[in-house]
Amino acid sequence: MPKVIDPVKKDRAIKMVLSHLNEYPSVYKAALAIGPRVGVRVETLRRWVVAEQVKDTPAGVAEQAVLAESKKIKELERKIRDLEEANEILKAASIFFAGELDPRQQRRS
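Tallying secondary structure elements over the protein chain gives four helices and zero strands in all. Along the protein chain, helices (α) and strands (β) appear in the sequence α-α-α-α when read from the amino end. The C-alpha atoms of the protein chain give 28 Å as radius of gyration, which overshoots the globular expectation for 109 residues (13 Å, by more than 25%). Counting only C-alpha atoms and orienting by the principal axes, one finds that the protein chain spans roughly 90 × 30 × 20 Å. Of the contacts made within the protein chain by residues no fewer than 6 positions apart, 40% connect residues no fewer than 24 positions apart. Accessible area for the protein chain stands at about 9,200 Å²; split by element, carbon and sulfur atoms hold 59% of it. Here the protein chain holds 21 positive side-chain charges and 16 negative ones, and the gap between their average locations is 6 Å.

Moving on, we come to the packing of aromatic side chains. By the definition in use, this model includes one aromatic pair. Pairing Phe96 with Phe97 gives two aromatic rings, centres 5.2 Å apart and planes at 75°, and the pair type is edge-to-face. Note on Phe96: relative accessible area 48%, which makes it partly exposed. According to the relative accessible area criterion, Phe97 is partly exposed, its value standing at 49%.

Judged by nonpolar contacts, the single largest core of 14 residues is most densely connected at Val17, Ile34, Val38, Val40, Leu45, Trp48 and Val49. With five residues, the single largest contributor to this core is helix α2 (residues 27-38). Each residue touching Val40, except ones within four places of it in the same chain, is listed here: Lys9, Gly35, Leu45 and Trp48.

Moving on: the pattern of salt bridges. Here the structure, examined in full by the defined rule, presents four salt bridges. In this structure, Arg46 and Glu43 form a salt bridge, with 2.5 Å as the shortest nitrogen-oxygen distance. Taken together, the residues span about one helical turn, with Arg46 and Glu43 both in helix α3 (residues 42-55) at a distance of three residues. The exposure class assigned to Arg46 is partly exposed, which follows from its relative accessible area of 25%.

Below, the discussion takes up the packing of α2 against α3. Closest axis-to-axis distance for the α2/α3 pair is 8 Å, and the angle between their directions is 130°. Classified by the angle between their axes, α2 and α3 sit oblique to one another. Handedness of the α2/α3 crossing: right-handed. Here Val27, Tyr28, Ala31, Leu32, Ile34 and Gly35 of α2 come into contact with α3, specifically with Val42, Leu45, Arg46, Val49, Val50 and Gln53. Of the residues that constitute the contact of α2 with α3, the class distribution is nine nonpolar, two polar and one charged.

About the criteria used
- Residues numbered from 1 in each chain as written.
- Predicted model: local features only at pLDDT ≥ 70, side-chain atom pairs only at ≥ 80, totals over all residues.
- Heavy atoms only, no water.
- Helix = DSSP H or I, 4+ residues; strand = E, 2+ residues; numbered from the N terminus.
- Rg over C-alpha atoms; globule rule 2.2 N^0.38 Å.
- Contact = heavy atoms within 4.5 Å.
- Areas by Shrake-Rupley, 256 points an atom, 1.4 Å probe, with all protein chains shown as cover.
- Lys, Arg positive; Asp, Glu negative; His and termini not counted.
- Charge placed at Lys NZ, Arg CZ, Asp CG, Glu CD.
- Phe/Tyr/Trp six-rings, centres within 6.5 Å; stacked < 30°, edge-to-face > 60°.
- Buried < 20%, exposed > 50% of the residue type's maximum accessible area, 1.4 Å probe, protein only.
- Core = buried A, V, L, I, M, F, W, Y, C linked by side-chain atoms within 4.5 Å.
- Salt bridge = Lys/Arg side-chain N within 4 Å of Asp/Glu carboxyl O.
- Axes fitted to C-alpha atoms, helices over the stretch in contact; angles between N-to-C directions.
- Parallel < 35°, antiparallel > 145°, perpendicular 65-115°, else oblique.
- Left-handed = near helix turned anticlockwise from the far one by under 90°.
- Nonpolar A, V, L, I, M, F, W, Y, C, P; charged D, E, K, R; others polar.

Note that all results are geometric; they support no functional claim without further evidence.
Given below as structure tokens:
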């Protein structure tokens, strides 16, 4: 199970690496230097920084829009399935009760 990191700590670590990135030859080297100081593993910090850098690019913004649309589509498909299931239940109930209330049917006791 992944360790849950405080969002404030995560943001602070990312900002720290980004602000000192020009002092290191790569993101990995910056994460290697800063990660232990903030209590975050090097590879985890590197992935966070790379993801943050991608978010700021036009491709990252477009990817976020696609992911948001994909999430919305999945939610709408789930709602459609739920509504179709409820509709089938209501149809079955109405058929049952229509048969129960049909005056042409004679009940024998």
